[in-house]
Structures are given as C-alpha cells and as structure tokens.
Amino acid sequence: YNVTVTYGSSKSECHFTVSVIPISLTLISPIGKEVWGGIKNITWNIGTNYDNDLLTYQIQYSSDAGASWYELTSGISETSYLWDTSLCPDGSNYLVRVRAFDGELYSSWTESQTTFTIDNSDPTISISHPIEGSYISMPVLWVNGTVVEPNVGEMKPQINDERFTLTFWNPATGEFSFRNNTSIG
C-alpha cells in the first residue's frame, strides 16, 4: 500500500505491505487416539489465504503430551507429510502440530485434539496348549495361547489350518483358543 495523509498544506506518505495469515489450519490426521506405526501421512487443511501468499508449513511432534516439541520438517508447501514413525520410540503420549508461514508471519499452531500412540514393536505370541512335541489322542483338538501386544486394535489371531476356527479371543488379555472343526478318530 502507498498512502498519503494530508492536513492543509502538510502531507505524510507511508508505504507498507499487508499480510494476512490464514484464519486457521485444521489438522485432519492424526487427531488423537489412533495407533500409528511405520510410515503415516500427516494431513491438514488451510483456512482462508486472503492475500494468496505462497505458504509453507512447519510440523512438530511431541512424545510427552506437549511438554516438549521436536521439529519434523519446515518449509514444505504441501498440505501433507509422510512421517516415518519407526524413527521414534513407541509410546502413547504423541501429539502433532502444524503452522503456516507466509514469508513474514506465522499462523497459530493447530494440533492433535488428544494424544495418539506410536507402536512399531512386533507382537509376541505363544501357544500354551498343546505343548510342543506332545502326542494328542483326543477327538477334539484345541490350540490355546496368548498374544502380547499393547495396542491390539481390530486384529485377531489367525491359524494356518482351515480345520480350526477361532472360538475365543479376548483382546484385553490376549488369550485365544482355536478348535478343530472335524472329529479325529
């Protein structure tokens, strides 16, 4: 802008630039309560960019529910970022935040609504029955065991023999039982 203010025969001129930061950014993912592992896509939407500036973005994460923040990237122009979560320790207190930069000013941060979990550890599974190498002469066979996985989600144990059906699964304890569908005898 170039403005001139006059008062009688006196005048004063001023040259200035107006930059309006987007009203808001909205973080789409992660918003919280997810369980992430491997490479995941952080995504966000931008509010209004009044002066159509080229915007770049800064992304940070916290592993301690926001007590401290670490830079993931800055200066990117896309509204998404692929994050390799395997480079971070497993934990359940992660947050992500994003802000825009128009070349002069930063917008406010938008962040995950609540914490989410990063879990890149493989679960452990053990069979408690039958015992390895045992001989079984019963007409009905059971395979029982336990899965140890802090973030079970929707997964269920599977068995590599179609004669067995999962008859019991408790995701809270990890206990499972498979029963054979055919009688042996």
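Residues numbered from 1 in each chain as written. Predicted model: local features only at pLDDT ≥ 70, side-chain atom pairs only at ≥ 80, totals over all residues. Heavy atoms only, no water.

## Comments concerning the overall build of the protein chain
Per the secondary structure count, the protein chain includes zero helices and 15 strands. In terms of overall dimensions, the protein chain is more spread out than a globule: its C-alpha atoms have a radius of gyration of 28 Å, far above the 16 Å expected for 185 residues. Residue burial in the protein chain is summarised as follows: out of 185 residues, 31% are buried. Looking at the protein chain alone, contacts between residues at least 24 apart form 53% of all its contacts between residues at least 6 apart. For the protein chain, the distance from the average site of its 8 positive side-chain charges to the average site of its 20 negative ones is 6 Å. (Helix = DSSP H or I, 4+ residues; strand = E, 2+ residues; numbered from the N terminus. Rg over C-alpha atoms; globule rule 2.2 N^0.38 Å. Buried < 20%, exposed > 50% of the residue type's maximum accessible area, 1.4 Å probe, protein only. Contact = heavy atoms within 4.5 Å. Lys, Arg positive; Asp, Glu negative; His and termini not counted. Charge placed at Lys NZ, Arg CZ, Asp CG, Glu CD.)

## Examining the pairing of strand β13 (residues 142-148)
Only one face of β13 is buried: it carries V143, G145 and V147, and the other face, with W142, N144, T146 and V148, is open. Judged from the five bridges that link them, strand β12 (residues 124-129) and β13 form a sheet pairing that is antiparallel. Residue pairing across strands places T124 opposite V148, the latter belonging to β13. In the sheet, β13 pairs with strand β15 (residues 175-180) via five bridges, with the strands oriented antiparallel. By the bridge assignment, W142 is partnered in β15 with R179. (Pairing = 2+ DSSP bridges.)

## Points about the sheet that holds strand β5 (residues 39-46)
Two modes of strand pairing occur in sheets, parallel and antiparallel, and in both the strands are linked by backbone hydrogen bonds. One open sheet holds the three strands; their spatial order is β3-β5-β8, and the pairing between them is antiparallel. Of all strands in the sheet, those bounded by a partner on one side alone are β3 (25-29) and β8 (80-84). Strand-to-strand twist of the sheet, defined as the mean angle between neighbouring strand axes without regard to direction, takes the value 25 degrees. Where β3 lies against β5, four bridges are found, and the strand directions are antiparallel. Its bridge partner lying in β5, L27 is registered against W44. (Axes fitted to C-alpha atoms, helices over the stretch in contact; angles between N-to-C directions.)

## Digging into unusual backbone geometry
With an omega of 5 degrees, the peptide bond between S29 and P30 qualifies as cis. With respect to the secondary-structure elements, P30 resides in the loop between β3 and β4 (35-36). Residues H129 and P130 are joined by a peptide bond in cis, for which omega reads 0 degrees. Within the secondary structure layout, P130 lies in the loop between β12 and β13. Of note in the backbone geometry, A65 takes a positive phi value of approximately 60 degrees without being a glycine. Mapped onto the fold, A65 is located in the loop between β6 (56-62) and β7 (70-76).

## Focus on the nonpolar core
With 19 residues, the main nonpolar core has I42, W44, Y57, I59, W83, V96 and V98 as its most contacted residues. Contributions of two or more residues to this core are made by β3, β5, β6, β7, β9 (91-101) and β11 (116-118). It is β9 that contributes the most residues to this core, four residues altogether. Excluding anything up to four places from it in sequence, W83 contacts W36, G38, I39, K40, I42, Y61, L72, C88, Y94, V96, F116 and I118. Listed in part, the seven residues of the second largest apolar core include L141, V143, V147 and F178. (Core = buried A, V, L, I, M, F, W, Y, C linked by side-chain atoms within 4.5 Å.)

## Things to note about the sheet that holds strand β14 (residues 164-170)
What the four strands build is an open sheet, ordered β12-β13-β15-β14; its pairing is antiparallel. Each edge of the open sheet carries a strand with a single partner, namely β12 and β14. With strand direction ignored, the average angle separating the axes of adjacent strands in the sheet is 25 degrees. Examined bridge by bridge, β14 and β15 share six bridges and lie antiparallel to one another. Pairing of N170 across the sheet is with E175, part of β15.

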